[in-house]
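As a plain string of letters, each chain reads:
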Amino acid sequence: MGIADQFKDKAKDLADQAQKKAKDGKGGGQDRSQDMSDRASDATEQGRDKAQGAADDVREKFDR
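Residues numbered from 1 in each chain as written. Predicted model: local features only at pLDDT ≥ 70, side-chain atom pairs only at ≥ 80, totals over all residues. Heavy atoms only, no water.

Draft legend 1. Spotlight on the overall build of the protein. A tally of helices and strands in the protein yields 2 helices and 0 strands. Surface exposure of the protein reaches about 6,100 Å², of which carbon and sulfur atoms provide 50%. (Helix = DSSP H or I, 4+ residues; strand = E, 2+ residues; numbered from the N terminus. Areas by Shrake-Rupley, 256 points an atom, 1.4 Å probe, with all protein chains shown as cover.)

Draft legend 2. Seen up close, the pattern of salt bridges. Here the structure, examined in full by the defined rule, presents 3 salt bridges. Taking the shortest distance from any N to any O, the salt bridge between Asp 16 and Lys 12 comes out at 3.3 Å. Of this pair, Asp 16 and Lys 12 both sit in helix α1 (residues 3-24), 4 residues apart, which is roughly one turn of the helix. (Salt bridge = Lys/Arg side-chain N within 4 Å of Asp/Glu carboxyl O.)

Draft legend 3. A negative patch on the surface, seen in detail. A surface patch of negative charge is lined by Asp 38, Asp 42, Glu 45 and Asp 49. Along the chain, Glu 45 turns up in helix α2 (residues 29-62). Classification of Glu 45 as partly exposed rests on a relative accessible area of 45%. (Patch = residues over 30% accessible without salt bridge, like charges linked within 9 Å, V, L, I, M, F, W, Y side chains within 5 Å. Lys, Arg positive; Asp, Glu negative; His and termini not counted. Charge placed at Lys NZ, Arg CZ, Asp CG, Glu CD. Buried < 20%, exposed > 50% of the residue type's maximum accessible area, 1.4 Å probe, protein only.)

Shown next, in the form of structure tokens:
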């Protein structure tokens, strides 16, 4: 059996596993997508807060 055949067999096995998970509803893709979206929103909000804080610090420093 050549390397190409081994890759084909592995790809087929992985495809079968993915189909089985999709049928069983254990893929969790939608849950993961929502979780990642929530994390991105939180990170954006935290970044915005840090930027606002830094801007306020600069204003205070130069308003003297």
